[in-house]
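Understanding the architecture of this molecule
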Amino acid sequence: MINPKEFNNLPPHLQAELALTQGHYLHHRIRGWCKIDLYWLYDFYVELWFMYDLKTIGLVRALTTYQHLDPYAETIKLKLKANKENDE
């Protein structure tokens, strides 16, 4: 397992491979000419920025602060599993 700093220091093709094969897709957003996919990888979030052709990845980055998640806050809907101990 690696941390966000180590992830950001990897070559972009390895970053993308890790996110796509070991990450968990959460949500996407559109910004200008990019579709940005949000993944949960290990214990941090990763963005994959796809170019307008939706095949080329233009940017991969680990999000290092919760402020980076702000663009997702209004549109993401997560289903959280209730803790049975708290339900009783």
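One can find the structure itself at the top, above this paragraph.
Here is a short report on the structure shown in this document. (Residues numbered from 1 in each chain as written. Predicted model: local features only at pLDDT ≥ 70, side-chain atom pairs only at ≥ 80, totals over all residues. Heavy atoms only, no water.)

1. As for the nonpolar core
- By size, the foremost hydrophobic cluster in this structure holds 12 residues: Phe-7, Ala-16, Leu-18, Ala-19, Tyr-39, Leu-41, Phe-44, Val-46, Leu-48, Phe-50, Val-60 and Ala-62.
- Among the elements of the structure, α2 (12-22), β2 (34-41), β3 (44-50) and β4 (57-63) are those that each provide at least two residues to this core.
- Counting residues per element, this core draws most heavily on β3, at 4 residues.
- Not counting chain neighbours up to four residues away, the residues in contact with Phe-44 comprise Ile-2, Asn-3, Pro-4, Phe-7, Tyr-39 and Ala-62. (Core = buried A, V, L, I, M, F, W, Y, C linked by side-chain atoms within 4.5 Å. Buried < 20%, exposed > 50% of the residue type's maximum accessible area, 1.4 Å probe, protein only. Helix = DSSP H or I, 4+ residues; strand = E, 2+ residues; numbered from the N terminus. Contact = heavy atoms within 4.5 Å.)

2. Some words on α2
- Those residues of α2 lying buried are Gln-15, Ala-16, Leu-18 and Ala-19. All buried residues of α2 fall inside an arc of 160 degrees around its axis, so they share one side. In α2, the exposed positions angled more than 90 degrees off the buried face are occupied by His-13 and Thr-21.
- Packed against the buried residues of α2 are α1 (4-9), β2, β3 and β4. (Arc of directions from axis to C-beta.)

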